[in-house]
Amino acid sequence: MNFIRNSTRKLPSRVLDPRNALFLGSRHSFNPPCYEHELFCKGKAFLLNSNENPQFHAYPSRLLGFQRLFRNAQKSNCIPSSVYARCRSFSVPCGLSVYSTGASKVRHLSTSVETGINDNTFGRIYIQNSISVKSKSLAGEETPLDEVGNNVKNTGKGLEEGKGGVSIDSDIEKEAWNLLRDSVVTYCGYPVGTVAANDPGDKQPLNYDQVFIRDFVPSALAFLLKGEGEIVKNFLLHTLQLQSWEKTVDCYSPGQGLMPASFKVRTVPIDDNKSEEVLDPDFGEAAIGRVAPVDSGLWWIILLRAYGKITGDYSLQERVDVQTGMKLILNLCLADGFDMFPSLLVTDGSCMIDRRMGIHGHPLEIQALFYAALRSSREMLTNEGSNNLVRAINNRLNALSFHIREYYWVDMKKINEIYRYKTEEYSMDATNKFNIYPEQIPSWLMDWIPEEGGYLIGNLQPAHMDFRFFTLGNLWSIVSSLGTLRQNEAILNLIEYKWNDIVGQMPLKICYPAVENEEWRIITGCDPKNTPWSYHNGGSWPTLLWQFTLACIKMGRLELANKAIDLAEKRLSRDHWPEYYDTRSGKFIGKQSRLYQTWTIAGFLTSKMMVKNPEMASLLFWEEDFEILEICVCALSKSGRIRCSRGAAKSQILV
Ligand code: GLC
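Residues numbered from 1 in each chain as written. Predicted model: local features only at pLDDT ≥ 70, side-chain atom pairs only at ≥ 80, totals over all residues. Heavy atoms only, no water.

Enquirer: Help me out: how do you make sense of the sheet that holds strand 13 (residues 454-461) in this one?
Expert: What links the strands of a sheet is backbone hydrogen bonding, and the strands pair in either a parallel or an antiparallel sense. Here we have 4 strands laid out as an open sheet, ordered 12-13-14-15, and antiparallel in their pairing. Every interior strand has two partners, whereas the edge strands, strand 12 (409-411) and strand 15 (511-512), have only one. By the bridge criterion, 4 bridges tie strand 13 to strand 14 (residues 464-470) in an arrangement that is antiparallel. Bridging from a neighbouring strand, Leu460 pairs with Met465 of strand 14. Sheet contacts for helix 16 (residues 471-480): strand 13, strand 14 and strand 15; angle to strand 14, the most-contacted strand, approximately 80 degrees. (Pairing = 2+ DSSP bridges. Helix = DSSP H or I, 4+ residues; strand = E, 2+ residues; numbered from the N terminus. Contact = heavy atoms within 4.5 Å. Axes fitted to C-alpha atoms, helices over the stretch in contact; angles between N-to-C directions.)

Enquirer: Can you walk me through the packing of aromatic side chains in this structure?
Expert: Aromatic rings considered in pairs are described by the distance between their centres and by the relative angle of their planes. Using the criterion set out here, one finds 21 aromatic pairs in the structure. Here the aromatic rings of Trp541 and Trp599 are separated by 6.2 Å at their centres, their planes lie at 85 degrees, and the arrangement is edge-to-face. Pair noted here: Trp541 is in the loop between helix 19 (517-524) and helix 20 (544-554) and Trp599 is in helix 22 (residues 598-612), with a separation of 58 residues, a long-range link. The rings of Trp444, Trp448, Tyr455, Phe469, Tyr512 and Trp533 are connected pair by pair, giving a single aromatic cluster. Above the face of the Tyr535 ring, Lys529 is positioned so that its terminal group lies 4.2 Å from the ring centre. (Phe/Tyr/Trp six-rings, centres within 6.5 Å; stacked < 30°, edge-to-face > 60°. Lys NZ or Arg CZ within 6 Å of the ring centre and 35° of its normal.)

Enquirer: Looking at this structure, how should I read the pairing of strand 10 (residues 262-269)?
Expert: The side chains of a regular strand alternate between both faces of the sheet. One ladder, built from 2 bridges, connects strand 9 (residues 211-212) with strand 10; its direction is antiparallel. Paired with Phe212 across the bridge in strand 10 is Ser262. Relative to strand 11 (residues 275-282), strand 10 runs antiparallel, the two being bridged by 8 bridges. In the strand pairing of strand 11, Pro269 is matched with Ser275.

Enquirer: Hey, could you run me through the nonpolar core in this one?
Expert: When a protein is soluble and globular, its nonpolar side chains tend to lie buried together. Trp300, Tyr455, Trp476, Ile495 and Phe548 are the most contacted members of the largest nonpolar core, which totals 156 residues. For this core, the leading source of residues is helix 9 (residues 294-311), giving 11 residues. If near-sequence neighbours (up to four positions away) are discounted, Trp300 is found in contact with Leu236, Thr239, Leu240, Met259, Val322, Met326 and Ile329. (Core = buried A, V, L, I, M, F, W, Y, C linked by side-chain atoms within 4.5 Å. Buried < 20%, exposed > 50% of the residue type's maximum accessible area, 1.4 Å probe, protein only.)

Enquirer: When you look at the side chain of Lys414 in this model, what are you seeing that I'm missing?
Expert: Checked against the element boundaries, Lys414 lands in helix 14 (residues 412-419). Lacking a salt bridge, the buried Lys414 has Glu417 as its closest oppositely charged neighbour, with an N-O distance of 5.1 Å. Ignoring any residue separated from it by four or fewer positions in sequence, one finds Lys414 in contact with Glu406, Trp409 and Tyr421. (Lys, Arg positive; Asp, Glu negative; His and termini not counted. Salt bridge = Lys/Arg side-chain N within 4 Å of Asp/Glu carboxyl O.)

Enquirer: Looking at this model, I keep getting lost on helix 21 (residues 558-571). Mind explaining?
Expert: An α-helix turns once every 3.6 residues. As a result, residues three or four positions apart point the same way. With 14 residues, helix 21 extends 21 Å between its outermost C-alpha atoms, agreeing within 8% with the 20 Å of an ideal straight helix rising 1.5 Å per residue. Along helix 21, the residues classified as buried are Leu560, Ala561, Ala564, Ile565, Ala568, Glu569 and Arg571. Lining the buried residues of helix 21 we find helix 6 (171-182), helix 17 (485-497), helix 18 (499-502), helix 20, strand 16 (581-582) and helix 22. (Expected span 1.5 Å × (residues − 1).)

Enquirer: For this particular structure, what's the right way to read the site of the ligand?
Expert: Taken together, 13 residues sit near the ligand, with Arg214, Asp215, Met352, Asp354 and His536 positioned nearest. Within the backbone of Met352, one N or O atom sits 2.7 Å away from an oxygen atom of the ligand. A distance of 2.7 Å is found between an oxygen atom of the ligand and a side-chain nitrogen or oxygen belonging to Asp354. A total of 310 Å² of accessible area belongs to the ligand in isolation, and the protein chains cover 95% of it. (Near = heavy atom within 4 Å. Polar contact = N/O pair within 3.5 Å; in protein donor to acceptor, adjacent residues only side chain to side chain. Areas by Shrake-Rupley, 256 points an atom, 1.4 Å probe, with all protein chains shown as cover.)

Enquirer: Mind showing me how you'd approach the pattern of salt bridges here?
Expert: When the charged atoms of two side chains with opposite charge come close together, those side chains can pair. Counted under the stated rule, the structure contains 23 salt bridges. Between Asp321 and Arg319 there is a salt bridge, with the nearest N and O atoms lying 2.9 Å from each other. An identical accessibility class is assigned to Asp321 and Arg319; each is buried. Sharing partners across several salt bridges, the network here consists of Asp169, Glu173, Lys226 and Lys612.

Encoded structure:
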C-alpha cells in the first residue's frame, strides 16, 4: 500500500483551505484565497467557493459537468492510490494542532477567517495538543484537558442523576454497555469512535472494522446521555481533520467539505523500528460501489448540535475550525447546480442504503437529514460574517419544507388524486407538475394505504414517484419537523396500522415493500445481498429503533416506542446483536448479517435511555419553526418574470 508521510510529501492542495492554513502556523506564508464570496441575488443566496464548484461524487462522472481548474492543475501530480491522512500536527505525532477557543475570541477569529488571514493571526491561534485529549506537559505528565484547561471527560457528568434520577440497568443493558465499550477505537490512546462491528466470528470484516460516521451517531448519543462527552468531542474534532482529505478516485477528488464515510486507525512503521498511528479516511474511494457519503457531513452537523445541547459545552461549536468545517459542508450542500428543486440531488447509495437500490435523485432520507442539518447549523453559526449564509439557509429550509410537504406526501386522498391525474400539462398552473402517469401507482399501494395515516414517499423526479416507504427518512421528517404536525402524526399512525409490515418481529424495516423479480433485477442490478426482504431491500434494522423512539417521544406516542423496544429486547442479546434481520416479518437473522453490530447495540441503549429520560431526548428534536414558514423566496423577488409556482400547488399543505 502506498503510504506518504506528511513530512515528506508536497503540501497538499488542502493547505489552501484557510483552516489548514491555520494549521501551518506562521512558518508558511501565503494568501489563502477568499474563503467564501457571498452574493445575494433576487432573494436567493449564491455561495461561491473560489476553488471549485463542490458536488457529491466519488468518481469522475460528468453528471453536472463542472470545471475544477484548481483540482485539474493538481491532478498532473496525482497519487491515484490511497494515501493516509496523518494527524495534522506537522511536528508532533499524535498531537493535533487546533485553535484556541473561548467564545468571544473565537467570534473575533471567525471574522478573520472569512475576510482573509494574516500570518500574525496564525501565530496567535496555533496551539498544539489541545483536542480534548491528554495534554503532555514538558515534564511528561498527562492530564485530560480541553483547550481552555478544563477537564472535558464526562462533560455531562451528572446528567442522569440531575435530570432523570439514577436508573438501574437490566442485565441486557449491562451486556450492551460492555459490548459498546469494547467497540471503542482509540487513537494515540484516546477514544475517537466505535467500530461498525466487533464480530469475533467474522473472517472477512471488510470495512466493518472502521469507524463509520453515520454508525457512530447512536454510540455518541449513548455516551452523551450517559454523561461521557469526551469520545464525542474527540470524534467530532478528528473527523473534522479528515474533511475532504486528498483522496481520489481515478485522480478525481471529492468536493471540498465532504466528510468521509468512515475512517480507520492504522499503525504504520516510521524510522528506527518505531511506528505511529495514522487516521485513514474513506470517502467512498475504497467502498463497495464507490458510493459518495453525502449523509456523513449532515450527521456530523447534527451530532455537533447534539453534543452542545446535551453537555452544555457550546464552546466546541463556537471554535473557528469547527465553524469553518460546518460552513464547508453547507457550501457543498447549498452550491448551485443544474437542479430545479430545493431538495439535494445525489447518486444512488449515498446514505445508510449505501449500494444500488434505486434511490438516486432526491431520496427522502437525504432531504430529511439535510433539513435537520440546516436547522442545526442555523442554531450554531456564530453571528459575524454569516448573515448571508444564514439567509440562504432560511430560504432553503422554507423551500425544502414546502417541496417535501406538498409533493412527497401521500395518503388515501392524495393517491386518489394521483389516480385521476391528467397528464402532459404544460403550464405554470399544472396540477400534475411532475407529469406522473397514474399507472405508476403500484398495485400493492392501492391495497395497502389505510384510510387514516399517510407517509412521505421515497423519491420524486420528473415523471417518477418512488412510492416505497423508507423508514429513516420518514422518522427524520418527524424528528426535524420537515413534515407538518398532521403529517408527522399520520406517519406514526401509519406505522401503528401497518405494525406487522414495518415492525413485525424486529423493529424496523428499512423500507417497505421489497422489490422483487424483474424489478429486483433492474433496480438492484441483481444484487445477491439485496434479495427481496433482506438487507437494504426490505430487511429489518434494529438500529432504526432509536430514531423511532425519538420520533415517538416527540409525538407523545411513548407506548409505541416501548412496544418496539420490548420486541428488540427479547431478541437482540439472544441473537448476538445482529446488523439486520430478513424475511417479511423480520423473523430470521440476516443472511450475511454481522453479529455484534455496534449501532444495533448503541441504538438499543440510546432508546432505553431516551424513554427513561424523555426530557433529555427532547433536546434532540425540533418543533415547527413558524418563522421559516413565513418566508417565501419568490415573494422576495423583484423580477416580474418569476411566478410563484406554489400558487399552482393544489393542496397547499403548509402546516
Ligand atoms: C452497511 C450499511 C451502512 C453502514 C455500514 C457499516 O454498509 O448499509 O449503512 O454504515 O454497513 O455498518
